[in-house]
Every structure is written in structure tokens, then in C-alpha cells.
Amino acid sequence: MSTNILILASASGFAEDKEAAKQLRLTKILPALETGDSVTLDFASVKYATQSFIHALIGEPLRRYQQRALDHLEFKNCSPQLKSLVELVVDYSLGGFAEEPVSNKSRKVSKKSR
Amino acid sequence: MCWMQRRNCWMAASSYVMYLKRLQSCLSIHDVKSIMAHLVVPNSATLHLIRRFLDQRELFVDAPGPVVLEFHPQWAHMEPVALAAIAAWGAWWRSQGKTIEVRNLSNHTRYAARMHLFEHLGVNYNPEQVEHEEAGRFLPIRQISAREGVGPVIGDISALLHLDDDPESLAAVQYCVSELLRNVLEHSGSPNGAFVCAHRYTTGAPHRVSIAVADCGQGIATHLGGVHPEALASDSVALGLAMRPGVTGARPGPYGTADNAGAGLFITRCIAKGTGGYFALASGHAGFRQRRSKKANDEIRLFVDPYDDPRHDKFEFAEGWHGTVVGLEIRTEKIADYDGFFQWIFKQIPSRRKRGKIKFS
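Anyway, here's the lowdown on the structure attached to this text. (Residues numbered from 1 in each chain as written. Chains lettered and ligands numbered in written order. Predicted model: local features only at pLDDT ≥ 70, side-chain atom pairs only at ≥ 80, totals over all residues.)

Tallying secondary structure elements over chain B gives 13 helices and 11 strands in all. Relative to its full complement of 361 residues, chain B shows a buried share of 48%. Across chain B, contacts joining residues at least 24 apart in sequence account for 69% of those joining residues at least 6 apart. (Helix = DSSP H or I, 4+ residues; strand = E, 2+ residues; numbered from the N terminus. Buried ≥ 20, exposed ≤ 12 C-beta atoms within 10 Å, placed from the backbone. Contact = placed C-beta atoms within 7 Å.)

Spelled out as C-alpha cells, the structure:
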């Protein structure tokens, strides 16, 4: 079985309401994962979000169920910003923050040339 | 004694009395000044000169009588960081039952009035304003006391700062305002909530949005100290911890709590840094400032430990700020240099890289 959740944002497509994210986590995401259901998070109306919002949404499920949560979660209609944000939250939720930023090691940058 | 001598004698005596009165007056002014709460707004109250603005000894002196806000007599160039801090300071004193007495109101304080500062101080001062719609790129001071208040502020940013045509800058400003306001509401214990304001500068270089959020709550060291005892060593240590990712005072846990990861302030600092803007944080007796970048390479390298950044300043305040003040700049012209500013920021943040595939569809 699969649970579809439409994530809502402000008129400008910005999602930052942690309380709303928390409610979705507690009432829909966690109960679904507990019973082994898959969850699809649909970000069609979201263009940007804060890390706090995404953390409030999926941080606890990931820490509680680890890789199993990742197997059961699907992220739909993510903008490039949201994709990188989801990757960030998944990464630190499963493994914590490292000591040094990636750029300090590889010095790779994605800035446009000026 | 002839009348001439009597007159000279009287004049000498009256001069002496006048001298004594003047001396007494000077002494009494000095006495009052030294025991009353007093905030002096220097001629330039900006992120660049944040140390001078916050390093004042009489901000929180508890004494009888009014609390005095004194503007510079000739000039007052104020940025949002000063306005938000003054509003928080004034509201805190008002909640202690004090009234705010403002000195040196004149033409140069019109901008403060336009930013609604005096409304938050309970001071009736409404100079005639000439509204310049095109130049009015600012978010006046707002007091946010509950979570429900955050959304409306975020919603107003686009129109008030005229950022409709610059979605990445708009998102960066909204991001920072949201994270900073929620930090105050969730962690500061401030009875008056948070004070926020912003201004978009488009006429002179650098083009930027300056944002500030201030409170007079428990301060960072006290908040973090409950979970991270090392934060109690000094305010400077506490500031350093607060700006690292994964440090939260909410509850103990390996990577934050269900609702807090402790990355908000870190990412906010990275956003300012990534565009080469100032980032300043002050709480208690300590202050931190990340300077503007001088060259593009300054922006590329983000530091987990803020004190590793070569372009930072550490301040120690004799009296300090009872609560927390955050001010930062987002240089809007620099955001255009990025192929997806947020993706770049998030990819610089240190986190584990090996994990299963994330299902995007």
C-alpha cells in the first residue's frame, strides 16, 4: 500500500512551516512506515524549503528506520533545490555531519565563471 | 566699602554661585547618566561598525527613572541590525515597566520612524513622511511572538523588498528570516519574541539585502549550556558552537532532535558567506563577525568552525547583550553568479555521503 502526501507551501512556493511538517510526520509518515507502507511525498507546489522544514518532515523517520525508511520513501516533483536539500537531510540523518565541508577537501565549485 | 566695591563683590559672589550651580548640574547629569539604562546610537550603526554599537556599558543598567535612547545629534546612518536590536531592547525595558525617553529627534531619525522603530518603543513620534514607493524597499520592524506570526512576514518579503523578479535572492532572504525567527521562538525564551526588519539596498554598491533579528531572551550560552556544558565556558565558545552544524540546545541526540537538527544558523551563515556578505552574531559578552569578501575565492570556502574563517572578527563586550542579535547581508548581485545558489550551498555542507539511493520521481 502507498500513502500519497501533497506538501503545501506559501504562495511563492516556499515551505518553511515546521509545525505543519511535524504534523504530517506524526499523523501520516511515521504511521505509514510503521506498517511497512510506502510513502510518496509530492512537492509539486513547493519550489524552495528550509532545511528545518525537511528535517521536521523526514528526520525522525530516517533516524528511526534508517535505510528501511529510505526504501519506503519517494520524493516526487522535487525542484533542484529540494533535491539537494533532501540529500543533505538524508545524509546527516543517517550518518551525522562530517568535520569538514566537501569544498575544503575537493575545492570543486559550481559557481559560474565571472 | 564703596558701592563699586560692593558691586564687584556681589558679581564675584554671583559668578561663584553660578559656577557652583553649573558644576552641580554637570555632576548631576553625570550621576544620572552613569546609573540609568542608556543606549547611544552612533552616527553609523551598521554591520561594519557593529562592535561600537553593541559595546555599551549602560544598556541594561537597572535604575530608577526612564530609559534613554540617544541618537547622535547630527547624523544617524542605521542598518537593520541596529533597528532590530533597539526595538528588542526597548520592548524589554517596557516589559520591565520602564518608559523610553528619546533624545536628539530630528530629520536624521526619520528613517527610524519609517521603519516603525518608535511604535515599538511606545514613543509618539511621527514626522511627516514623504513616501517614495520605488525606493521603499524595506521590511519595517515587526515583532513576532508566536509561530503563527512567521508566515505572514515571509509572505510580505517579496512585495516589500521588491524581489519578485529575483527568485533566488527572494528564497535566500525568506530562508534566513524563517530560520532566524524560528530560532528565537523555539530557543530564546524571549518574553517579547523576536524583532525583525530588512532593507534592500539597490542604489549604491554592493547591492544587497540586509536582514536582522534580535531578542532579549536567555542568550545562546544559557540555552546551549543545558545540553552542551562546554557552552557555559564563555559566550564566545557558545557562539562558536551555535554556528556549527549539528549543535542544538533543544535536546540531546546524535544528530539533533525530531524537530531540530541544529543547522539553521550554520546554513544562514553559509548563505551570507556564499554571497560575500557580512554575518554577525552577538550574545552575552561575545560577538562574532564574518566580514564581506574581498575576492571571489573568499566566498567559495565555507568553514564548519566559524573561528577557522580567516575573515572573521571576535569581539568581547564589557557589559554585553542580554539576548541575541543576528545581522547578515545577502549580496543579491552575487547570487546571479551561481548555477543554483542553494544547491551549491547544500552541497558544501559536510555530511555522510555513502547511503542507499534516494527515490526521486
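A tally of regular secondary structure across chain A gives four helices and five strands. Listed by position from the N terminus, the elements making up chain A come as β-β-α-β-β-α-β-α-α. Looking at chain A residue by residue over its 114 residues, the buried ones come to 44%. In chain A, 86% of the contacts between residues at least 6 apart in sequence involve partners at least 24 apart.

Moving on, we come to the sheet that holds strand β7 (residues 194–201) of chain B. Within a sheet, neighbouring strands are paired by backbone hydrogen bonds and run either parallel or antiparallel to one another. All names here are of chain B. One open sheet accounts for five strands, arranged β6-β7-β8-β10-β9; its pairing is antiparallel. Only two strands of the sheet have a single partner each, and these edge strands are β6 (138–144) and β9 (279–290). For this sheet, the mean angle separating the axes of adjacent strands, direction not counted, is 20 degrees. Relative to β7, β6 is paired through five bridges, and the arrangement is antiparallel. Its bridge partner being in β7, glutamine 143 is matched across the sheet by phenylalanine 195. Sheet strands touched by helix α3 (residues 80–95): β6, β7, β8 (208–215), β9 and β10 (312–330). Its angle to β8, the strand with the most contacts, is close to 20 degrees. Strands β9 and β10 of the sheet are contacted by helix α10 (residues 264–274), whose axis makes an angle of about 40 degrees with β9. (Pairing = 2+ DSSP bridges. Axes fitted to C-alpha atoms, helices over the stretch in contact; angles between N-to-C directions.)

Turning next to the sheet that holds strand β1 (residues 2–6) of chain A. Spatially, the four strands line up as an open sheet ordered β1(A)-β3(A)-β5(A)-β11(B), and their pairing is parallel. The sheet terminates laterally at β1 of chain A together with β11 (359–360) of chain B, the two strands that pair on one side only. Bridge count for β1(A) against strand β3 (residues 38–42) of chain A is five bridges, and the pairing is parallel. Opposite Leu6(A), over in β3(A), you have Asp42(A) as the bridge partner. Relative to strand β5 (residues 73–76) of chain A, helix α2 (residues 51–72) of chain A is tilted by about 95 degrees, and along the sheet it contacts β3 and β5 of chain A.

Another point: the interface of chain A and chain B. The interface of chain A with chain B comprises 54 residues on the first partner and 49 residues on the second. With 14 residues, the single largest contributor to the side of chain A that touches chain B is helix α3 (residues 80–95) of chain A. Taken together, the two bridges between β5(A) and β11(B) define a ladder with parallel strand orientation. Pairing of Phe75(A) across the sheet is with Phe360(B), part of β11(B).

In this section: the nonpolar core. What tends to happen in soluble globular proteins is that the nonpolar side chains get buried as a cluster. Residues and elements named next belong to chain B. If you look at the biggest cluster of nonpolar residues, it comprises 137 residues, and the most contacted ones within it are Leu83, Ala84, Val173, Leu181 and Val196. With 12 residues, the top contributor of residues to this core is α3. In contact with valine 173, not counting residues within four places along its chain, are Ile157, Leu161, Leu163, Ala198, Val209, Ile211 and Ile330. (Core = buried A, V, L, I, M, F, W, Y, C linked by C-beta atoms within 7 Å.)

This part is about the environment of Ala84(B). All names here are of chain B. Of note, alanine 84 is situated in helix α3. Separated by 243 residues in the primary sequence, alanine 84 and glycine 327 place their C-alpha atoms 9.1 Å from one another. With near-sequence residues (within four places) excluded, alanine 84 lies in contact with Ile141, Phe195, Val196, Cys197, Ala212, Val213 and Ala214.

Looking now at the environment of Thr324(B). Residue and element names in this part refer to chain B. Relative to the assigned elements, threonine 324 resides in strand β10. Taking C-alpha positions, threonine 324 is 5.7 Å from alanine 282, a pair spaced 42 residues apart along the chain. Discounting chain neighbours no more than four positions away, the residues touching threonine 324 are Ser188, Asp215, Gly217, Gly219, Ile220 and Ser283.

Residues and elements named next belong to chain A. Look at α2 against α3: their axes get within 8 Å of each other, and the N-to-C directions meet at 50 degrees. When the interaxial angle is binned, α2 and α3 end up oblique. The way α2 lies across α3 gives a crossing that is right-handed. In this structure, α2 uses Gln51, Ile54, His55, Ile58, Gly59, Leu62, Arg63, Gln66 and Leu70 to contact α3, whose residues at the interface are Leu85, Val86, Leu88, Val89, Val90, Ser93 and Leu94. Its residues assigned to classes, the contact of α2 with α3 comprises 10 nonpolar, five polar and one charged. (Parallel < 35°, antiparallel > 145°, perpendicular 65-115°, else oblique. Left-handed = near helix turned anticlockwise from the far one by under 90°. Nonpolar A, V, L, I, M, F, W, Y, C, P; charged D, E, K, R; others polar.)

Each neighbour pair has its own omega, and for Ala205(B) with Pro206(B) the value is -5 degrees, a cis peptide bond. Secondary-structure assignment places Pro206(B) in the loop between β7 and β8. Backbone geometry places Asn77(A), a non-glycine residue, at a positive phi of 55 degrees. Relative to the assigned elements, Asn77(A) resides in the loop between β5 and α3. You will see that His162(B), though not glycine, has its phi angle at about 55 degrees, which is positive. The topology assignment puts His162(B) in the loop between α6 (150–160) and α7 (167–188). A tally of 18 C-beta atoms within 10 Å means that His162(B) is categorised as partly exposed.

All names here are of chain A. Covered by surrounding structure in β3 are Val39 and Leu41 only, the residues Ser38, Thr40 and Asp42 on the alternate face being uncovered. Sheet topology places β3 next to β5; four bridges connect them, and they run parallel. Bridging across to β5, valine 39 finds its partner in leucine 73.

All right, on to the environment of Ala261(B) then. Residues and elements named next belong to chain B. Structurally, alanine 261 is set in the loop between α9 (235–242) and α10. The exposure class of alanine 261 is buried, given the 28 C-beta atoms found within 10 Å. Residues alanine 261 and glycine 246 lie 15 residues apart in sequence; the distance between their C-alpha atoms is 5.6 Å.

Taken by themselves, the reported measurements are silent on function.
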